Amino acid sequence: AIVGTGSAWSPAIIWPYAIWAYLFPLSKGFVYFVNLFYITLANVIFYFCVKPDKKQNLKLVFAQATSAVFILYLSVNMSEMFRYAIAIVLAGLLYQILFRESPKFIKYVVTPLVIIGATQVYVFFAFCVPVYVFGVMKKSKLWQKLLATVGALGIVAFGSYYLLHLISSNYNIHKTEAL
């Protein structure tokens, strides 16, 4: 990888842990406890957004307790749990926008920032953009929603390609002459 590009990953993979490493001493269980904090915080945010009843609450706890992602990645020192936490928060925010009355600040500031942050880590999260557009444009006609979705996904695709080109290794891009 070219020096200063973050190799195949962007620098975003380090920041959620670098902040904690600056505040607390490192140990063998450091990443585990930081991941546990992020998952706990994500679940709290999710529950405030969704407000599940007792039956739904039990289903959610069971689903997470038996989730292969949760079981596998929480016990190892990997940053995949942070992405899982982002997905949980994003699911709660999108649920709130689609099925509840959402404050404008959550709808127009917080959720787009979470989507942008998540997309910067994993481009797969760009598939949340259509759900967000349909949630924000509830009263619009279908063709307007589809047009806005295609435009938003186009911006995300070109923006992600441009940003990833700047901060990632060249082996996954067509410009291989730098290798």
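Here we summarise the structure given alongside this text.

Thresholds, definitions, all that
- Residues numbered from 1 in each chain as written.
- Predicted model: local features only at pLDDT ≥ 70, side-chain atom pairs only at ≥ 80, totals over all residues.
- Heavy atoms only, no water.
- Core = buried A, V, L, I, M, F, W, Y, C linked by side-chain atoms within 4.5 Å.
- Buried < 20%, exposed > 50% of the residue type's maximum accessible area, 1.4 Å probe, protein only.
- Helix = DSSP H or I, 4+ residues; strand = E, 2+ residues; numbered from the N terminus.
- Contact = heavy atoms within 4.5 Å.
- Expected span 1.5 Å × (residues − 1).
- Phe/Tyr/Trp six-rings, centres within 6.5 Å; stacked < 30°, edge-to-face > 60°.

Let's talk about the nonpolar core
Counting residues in each nonpolar core, the largest one holds 29 residues, and the members touching the most others are Tyr 17, Ile 39, Leu 90, Ile 115 and Cys 128. Listing elements by their share of this core, those giving two or more residues are helix 2 (30-50), helix 4 (68-74), helix 5 (80-99), helix 6 (104-121) and helix 7 (128-136). Filtering out sequence-adjacent residues up to four positions away, Ile 39 remains in contact with Phe 70, Met 81, Tyr 84, Ala 85 and Ile 88.

With respect to helix 2
The end-to-end C-alpha distance of helix 2 is 30 Å, a good match for the 30 Å that 21 residues give at a rise of 1.5 Å each. The complete set of buried residues in helix 2 reads Phe 30, Val 31, Val 34, Asn 35, Tyr 38, Ile 39, Ala 42, Asn 43, Phe 46, Cys 49 and Val 50. Among the structural elements, helix 1 (15-23), helix 3 (54-65), helix 4 and helix 5 are those in contact with the buried residues of helix 2. Taken from the residues just after helix 2, Lys 51 is the one with a positive phi, measuring 55°.

Some thoughts on the packing of aromatic side chains
Using the criterion set out here, one finds 10 aromatic pairs in the structure. Considering the side-chain rings of Tyr 17 and Tyr 38, the 6.3 Å spacing of their centres and the 90° angle between planes classify their relative orientation as edge-to-face. Linking Tyr 17 in helix 1 with Tyr 38 in helix 2, this pair joins segments that are 21 residues apart in sequence. By relative accessible area, which is 9% here, Tyr 17 ends up buried. Note on Tyr 38: relative accessible area 14%, which makes it buried. With 5.2 Å between their ring centres and 75° between their planes, Tyr 32 and Phe 33 make a pair best called edge-to-face. For Tyr 32, a relative accessible area of 31% translates into the label partly exposed. In this structure Phe 33 comes out as exposed when scored by relative accessible area, which is 53%. Within the aromatic cluster, the residues linked to one another by ring pairs are Tyr 17, Trp 20, Phe 24, Phe 37, Tyr 38 and Phe 82.

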